[in-house]
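Each chain is listed here by its residues.
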Amino acid sequence: MTAPAVSEGSGTGPARPDAAGDVRRTLEVTDFLYREAELLDARRFDEWLALFSDDLVYWLPASEVEDPLRSVSIIYDDRPRLAERVQRLQRGTAPSLQPPSRTCHIVGNVRVADDGPDGLLATSRCLVAELRLGREQLYAASVEHQLVDDDDGLRIAAKIVRLSRRDVPLGNLSFVF
């Protein structure tokens, strides 16, 4: 997935509809992303995993290279791998996952960059506060969601999380974005 083009403009003046020109669609997407954050903070990982399509890609790149097959990734999961990650978080039997992280996901700056017959590209910013072992860590990220419509509503086909500090040691990530 490539980053969407940034529109020109000063950023001042009256609010305008995003690139898709559909305020209702933007509100629908924003509500969907808020719901995703709520599920993660409540540790309802099975419900979170159900938000994804069967052919999902969940990627946290470790560099500026836009090809996960040609560069190191922090995470690069398909459905089986992400389901395994969720199971480990739910079981919590690994010492590295004890105690479980408590998180607060804050989602903002939601934009629908492209809405077409094959789905839509939504961009947002995310700040995750993680409390674990008496320490609080903050993780800021730019996020892309490739969303598709199905009979049950929106589904995540791909999620790319570009951490602002992806080029420094992160330690043990014991939660999902």
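Conventions and cut-offs
Residues numbered from 1 in each chain as written. Predicted model: local features only at pLDDT ≥ 70, side-chain atom pairs only at ≥ 80, totals over all residues. Heavy atoms only, no water. Helix = DSSP H or I, 4+ residues; strand = E, 2+ residues; numbered from the N terminus. Buried < 20%, exposed > 50% of the residue type's maximum accessible area, 1.4 Å probe, protein only. Contact = heavy atoms within 4.5 Å. Areas by Shrake-Rupley, 256 points an atom, 1.4 Å probe, with all protein chains shown as cover. Pairing = 2+ DSSP bridges.

(A) Region of interest: the overall build of the protein. Tallying secondary structure elements over the protein gives 3 helices and 6 strands in all. Overall, the protein shows an N-to-C arrangement of helices and strands of α-α-β-β-α-β-β-β-β. Taking all 177 residues of the protein together, the buried fraction comes to 41%. For the protein, the share of sequence-separated contacts (at least 6 apart) that also reach a separation of at least 24 residues comes to 56%. For the protein, the computed accessible surface area is about 10,100 Å², with 51% contributed by carbon and sulfur atoms.

(B) Here's a closer look at the pairing of strand E5 (residues 135–150). Pairing between strand E4 (residues 119–132) and E5: 13 bridges, direction antiparallel. The residue bridging Ser124 from the neighbouring strand is Val143, located in E5. Inspection of the sheet shows E5 paired to strand E6 (residues 153–163) by 10 bridges, in the antiparallel sense. Residue pairing in the sheet places Val143 in a bridge with Val161 of E6. Where E5 folds back on E6, the antiparallel hairpin that results is connected by 2 residues.

(C) Structural detail: unusual backbone geometry. Positioned with a positive phi, Arg43 is a non-glycine residue whose angle comes to about 60°. Here Arg43 is to be found in the loop between helix H1 (23–41) and helix H2 (45–49). With phi around 55°, Leu133 is a residue other than glycine that occupies positive phi space. Among the structural elements, Leu133 can be located in the loop between E4 and E5.

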